[in-house]
Amino acid sequence: KPELFREIKERYLTACKGMLKEQEGSAEYHSALANACSRFANKLHAREYDYYPLPGFLSFISSWTERFSCWWHWEDLHVMKEMMLKEAVNEHIKLVKHFPISLDAHASLANAYVMLSGLYIDPRTLDGYDEERWIPADKYTARFAERFRFTAERAIEEFKILSEYAPDDPWVHIQLAYSYH
């Protein structure tokens, strides 16, 4: 499966690059590619629960089929989302390398890290957590907590850079506080 997922990612990126009119190295090119990767990952959000839709007359077993669907597919979807979000981070890093003093480039990279860290957060700690929805135990392991912490720290580093460039910008301080929280 890992090879298949890499192939899917590469085919998607190749198709996206073919549609871009901008040249590689431009801010628009890297931003568009990162945005496409983020959108792909967002489209996969919570899809693990609805692989087996039921007709209306079988709705009484829908919670069971959602649980089975999640149990069977969550890891594959997680891997694909992780690959796409990491690719988005890589594109933002390329953007920062080309434009090291751009506030937009650093803000985009920080937001990409926040999105990636959201993939690893313990869902039980989020506002609006649905206790009725089954979550696999592997979603809140020490390994996920470590990855969450690592990516959140990268986001904090970027927000600190932004704070130095724009010390009076309240958005930066709000994002920094959110990241620390």
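Our structure is the block above this text.
Reading the values: the criteria
- Residues numbered from 1 in each chain as written.
- Predicted model: local features only at pLDDT ≥ 70, side-chain atom pairs only at ≥ 80, totals over all residues.
- Heavy atoms only, no water.
- Core = buried A, V, L, I, M, F, W, Y, C linked by side-chain atoms within 4.5 Å.
- Buried < 20%, exposed > 50% of the residue type's maximum accessible area, 1.4 Å probe, protein only.
- Helix = DSSP H or I, 4+ residues; strand = E, 2+ residues; numbered from the N terminus.
- Contact = heavy atoms within 4.5 Å.
- Salt bridge = Lys/Arg side-chain N within 4 Å of Asp/Glu carboxyl O.
- Patch = residues over 30% accessible without salt bridge, like charges linked within 9 Å, V, L, I, M, F, W, Y side chains within 5 Å.
- Areas by Shrake-Rupley, 256 points an atom, 1.4 Å probe, with all protein chains shown as cover.
- Arc of directions from axis to C-beta.
- Polar contact = N/O pair within 3.5 Å; in protein donor to acceptor, adjacent residues only side chain to side chain.
- Expected span 1.5 Å × (residues − 1).

A. Representation of the nonpolar core in the model. V89, L116 and F159 are the most contacted members of the largest nonpolar core, which has 40 residues in total. Residue assignment for this core shows that the elements contributing at least two residues are helix 1 (2-19), helix 2 (27-43), helix 3 (62-98), helix 4 (103-120), helix 5 (142-165) and helix 6 (170-180). If you tally residues by element for this core, the top one is helix 3, at 11 residues. Apart from residues no more than four positions distant in its own chain, V89 is found in contact with L109, A112, Y113 and L116.

B. Geometry of the pattern of salt bridges. Inspection of the entire model under this criterion finds 10 salt bridges. We note a salt bridge from D76 to K1, for which the minimum N-O separation is 2.7 Å. One end of the pair, D76, is in helix 3; the other, K1, is in the segment before helix 1, and 75 residues separate them in sequence. Counted as one network, the salt bridges with shared partners bring together K9, E10 and E87.

C. Spotlight on a nonpolar patch on the surface. Together, Y51, Y52, W64, F68, W71 and W72 line one region of the surface with nonpolar side chains, adding up to about 720 Å² of accessible area. By the secondary structure assignment, Y51 is in the loop between helix 2 and helix 3. Among the residues examined, Y51 registers a relative accessible area of 39% and is labelled partly exposed.

D. Looking closely at helix 6. Along helix 6, the positions that sit buried rather than exposed are V172, Q175, L176 and S179. End-on, the buried residues of helix 6 take up no more than an arc of 100°, which puts them together on one face. Seen from the open side of helix 6, the exposed residues pointing more than 90 degrees away from its buried face are P170, I174 and Y178. Those residues of helix 6 that are buried are in contact with helix 4 and helix 5. At the N-terminal end of helix 6, a side-chain oxygen is found 3.0 Å from the backbone nitrogen of W171, two or three residues along, and the residue is D169.

E. Spatial organisation of helix 2. Here helix 2 spans 24 Å end to end across 17 residues, near enough to the 24 Å set by a 1.5 Å rise per residue. For helix 2, every residue scored as buried is listed here: Y29, H30, L33, A34, A36, C37, S38 and A41. For helix 2, the secondary structure elements touched by its buried residues are helix 1, helix 3 and helix 4.

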